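# Coordinate inspection notes
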Amino acid sequence: MLNCRQVTDRASDYLDEALPFGERVQMRLHLMLCHHCRRYLRQLRAIVRALPGLPKTAVSEDTVRQVVHRLKNQ
Ligand SMILES: [Zn+2]
């Protein structure tokens, strides 16, 4: 089974439905058992949905990196 670090590393591909079937199944199994990763995925999904509505110059790449780092370390 995947550990939490492996899940967060694959989270973007999971949301983009870009993971192979086997990894997708492993992700779902982990997500059924781990509320931390479910919360992380929920937050990542919210960010992905919110980003298109923001002006492209409003958030620097450094700020995005800091937000992602903080979400990963919650
Ligand atoms: Zn987890």
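Here, the structure is the one placed above.
Residues numbered from 1 in each chain as written. Predicted model: local features only at pLDDT ≥ 70, side-chain atom pairs only at ≥ 80, totals over all residues. Heavy atoms only, no water.

## Let's talk about the coordination of the zinc ion
Taken together, the protein ligands of the zinc ion are Cys 4 (SG), His 30 (NE2), Cys 34 (SG) and Cys 37 (SG), with distances of 2.0 to 2.3 Å. Positions of the donor residues of the zinc ion, expressed as sequence spacing, correspond to C-x25-H-x3-C-x2-C. Of the two residues, Cys 4 is situated in helix α1 (residues 4–15) and Cys 34 in the loop between α2 (21–33) and α3 (35–50); the sequence distance between them amounts to 30 residues. Under the relative-accessibility criterion, Cys 34 is labelled buried at 10%. (Donors = N, O, S within 2.8 Å, 3.2 Å for Na, K, Ca; no water. Helix = DSSP H or I, 4+ residues; strand = E, 2+ residues; numbered from the N terminus. Buried < 20%, exposed > 50% of the residue type's maximum accessible area, 1.4 Å probe, protein only.)

## A few points about the environment of Leu 51
By the element assignment, Leu 51 lies in the loop between α3 and α4 (61–72). In this structure, the C-alpha to C-alpha distance between Leu 51 and Cys 4, residues 47 residues apart in sequence, is 25 Å.

By themselves, these figures tell us nothing about what the structure is for.
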